[in-house]
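Chain and residue survey
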Amino acid sequence: MSAIIMDGKALAQKIKVDIAAAIGKFDKPVGLGTILVGNDPGSVAYVDGKHRDCAEVGIKSIKVNLPATATTDEVIAAVNALNADSSCTGFIVQLPLPVGVDTQKVIAAINPAKDADGLTPNNLGNLVLGFNSVVACTPKAIVALLAEYKINLSGVKVLVIGRGMTVGRPLSILLSQKPINATVTLAHSASKNLMELIKDADVVIAAMGSAHFIKAEMVKKGSVLVDVGITRDGNQLVGDFDPKVIEVATAFAPMPGGVGPMTRVMLLKNVIDLARNEK
């Protein structure tokens, strides 16, 4: 037995074709802004990838780069500038921010109508209420990838490991809603029975950032596994699952190549949705 590999890169390329066609129908330019604070290699590479995606589909790129020494007020000033920029349809603040910058204050300063990441209090509140106009990109990517491979989650035991603002918390809400209807458990660093939860789950979505933490013998045979964790091991990026899990799973979204490309393309879809909602 060897798991089907859920290829996020291939699916993202297909979606980009549709996005490029949609962009051509707007009567004014659509622009994506990014605010990058500091020069963390992972964040730099991720932001650069987003702008390559923009060039590929015809979305205007607006880059704002601030030094790692930027204060909370300076980052908020950059946010306010993009809030007021008519050429910017939507934008993101690349997370994590450097130590000393108040992430919650920065995110709260984003105009919800330009929140391409779906992380403002307004948009997260709408998610809780089921008004999913702008959904956080990684949860949206995971749902789209599972749907592409016809993995039915209705009534299924789904374990989400990690309660971060960008993945775990919004994902647990999204998966439990209609029409997905998954039975969701959210585990985290204080969960005392993690091994039991992993073994019992039909679907495990890991966003821990702990290299190869989950081994093949820890998961249920025939389960579906989605790797969202990222850890740098020398020059290589690795995920939370040991690669040998493919020997017991039915489907596996690896890191890299699974959720990552889909997260970037869902950001583009969010920008299009924001453009359509512009007054």
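The notes below deal with the structure included here. (Residues numbered from 1 in each chain as written. Predicted model: local features only at pLDDT ≥ 70, side-chain atom pairs only at ≥ 80, totals over all residues. Heavy atoms only, no water.)

Bringing helix 2 (residues 41-57) into the picture now. Between its first and last C-alpha atoms helix 2 spans 25 Å; for 17 residues at 1.5 Å apiece the expected length is 24 Å, and the two agree. Between the side-chain oxygen of the N-cap and the backbone nitrogen of S43 there are 2.9 Å, and the N-cap of helix 2 in question is D40. Note on helix 2: the residue one or two positions beyond its end, G58, has a positive phi of about 95°. (Helix = DSSP H or I, 4+ residues; strand = E, 2+ residues; numbered from the N terminus. Expected span 1.5 Å × (residues − 1). Polar contact = N/O pair within 3.5 Å; in protein donor to acceptor, adjacent residues only side chain to side chain.)

Next up on the list: the pattern of salt bridges. Tallied over the entire structure, the rule returns 9 salt bridges. A salt bridge links D53 to R264; the shortest N-O distance between them is 2.8 Å. One end of the pair, D53, is in helix 2; the other, R264, is in helix 9 (residues 259-277), with 211 residues separating them in the sequence. Residue classification places D53 among the buried residues on the basis of a relative accessible area of 2%. In this structure, a network of salt bridges that share partners links the residues K16, D53, E56 and R264. (Salt bridge = Lys/Arg side-chain N within 4 Å of Asp/Glu carboxyl O. Buried < 20%, exposed > 50% of the residue type's maximum accessible area, 1.4 Å probe, protein only.)

Read across the sheet, 6 strands follow the order 1-11-8-7-5-6 without closing on themselves; strand pairing throughout is parallel. The outermost strands of the open sheet, each flanked by one partner alone, are strand 1 (4-5) and strand 6 (183-187). One ladder, built from 3 bridges, connects strand 8 (residues 224-227) with strand 11 (residues 251-253); its direction is parallel. The residue bridging V226 from the neighbouring strand is A253, located in strand 11. Relative to strand 6, helix 7 (residues 168-176) is tilted by about 170°, and along the sheet it contacts strand 5 (157-161), strand 6 and strand 7 (203-206). (Pairing = 2+ DSSP bridges. Contact = heavy atoms within 4.5 Å. Axes fitted to C-alpha atoms, helices over the stretch in contact; angles between N-to-C directions.)

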